[in-house]
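Descriptive structure summary
What follows is the residue order along each chain.
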Amino acid sequence: MPNAKIKNHLHLHILVFIAGFTAILGELITIKAIPLVWFRMVMASILMFIYIKVVKVRLKISLEALLRLAIAGVIIALHWITFFGAIDESNISIALAMFSTGAFFASFIEPIIYKRKIIWYEILFGIIVIIGVFIITSSEIKYITGILLGISSAFLSSLFAVLNGKFLKQHTATVISFYEFLSGVLFITIYILFFGQGFSLEFFSLSTSDYGYIFILASICTAYAFIAAVYVMKVISPYTVVLTYNLEPIYGIVMAIILFPEKERMSPSFYYGAIIIISTVILNAILKNSRKLKRKHT
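A short tour of the structure in this document, coming up. What you see is a predicted model, and the numbers here were worked out from it, not measured in a lab.

Thresholds applied
Residues numbered from 1 in each chain as written. Predicted model: local features only at pLDDT ≥ 70, side-chain atom pairs only at ≥ 80, totals over all residues. Heavy atoms only, no water. Phe/Tyr/Trp six-rings, centres within 6.5 Å; stacked < 30°, edge-to-face > 60°. Buried < 20%, exposed > 50% of the residue type's maximum accessible area, 1.4 Å probe, protein only. Lys NZ or Arg CZ within 6 Å of the ring centre and 35° of its normal. Helix = DSSP H or I, 4+ residues; strand = E, 2+ residues; numbered from the N terminus. Expected span 1.5 Å × (residues − 1).

**Remarks on the packing of aromatic side chains**
- Within the structure shown, the criterion is met by 21 aromatic pairs.
- When the centroid spacing of 5.2 Å and the interplanar angle of 85° are considered together, the rings of W38 and F39 count as edge-to-face.
- Its relative accessible area of 11% is what places W38 among the buried residues.
- Looking at F39, the relative accessible area reads 6%, which means it is buried.
- Ring centres 5.1 Å apart and planes at 80° place the aromatic pair F270 and Y271 in the edge-to-face group.
- Grouped by ring-pair contacts, the aromatic residues W38, F39, F199, F203, F204 and Y211 constitute a single cluster.
- The ring of W80 carries the charged tip of R40 above its face, separated from the ring centre by 3.8 Å.

Written as structure tokens, this is what we have:
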């Protein structure tokens, strides 16, 4: 049993590493955010459908549930578009540092969705995170568009995560992901047809490397990561999973500095701000866990 738990902890860190590597792929892929996310979601939907057929997952759900998942699918599509847009407009370090603010959006979204009171330290931590963002913004004002897109991505990610928490009480993660991916594809397809340049030969004329990187993004970083995270949570507590995933920006920023040293070299103020944000996010997760433990023992 201890060996099984160690293996699952290692697996969890691999999944967090994969999550951080998503940003690296966003930098390597040369196409813009909207087509990138369309290709990602199309490929992920196909791979997820193959997995569903192999393991014989039941896909039948009510129309009301389908509509809810469709809304969540649009949210995740917008989250990914703004995230990769943040990388395009700034760099990986900015995008990931801003993405870290998502935990505090969740602290205010959760009380609305689950109808609970806001905890006092969540407000305090929220203020500290804002200070961290201000420090980064003041020193990296040239990346203001990327900063705003990164914050938007964090908000959408938090909204998506909170909604998915409710959906998991009624459906499996595989079914949820499949319908969300399909809905995201439909949403982006409509946008490209009516507001974009349409699906021309040029749209599909990607380089071999782009197709390769997008396939890695769709298969390992999306389909596999979504399914594997569910199995890990059967052995490891949700708290440990959430806390470990907070290391994603650290892994991603370190990889970015190693792989793209010229583009990712930031001012000292950026790192001060990033440390404030990430440390506060981790401290928030620790305090939430201690509150849960106290409730169990009282």
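**Topic: helix α2 (residues 33–55)**
- For α2, built from 23 residues, the straight-helix expectation of 33 Å at 1.5 Å per residue is met to within 8% by its first-to-last C-alpha distance of 32 Å.
- Residue K56 follows α2 closely and has a positive phi angle near 60°.

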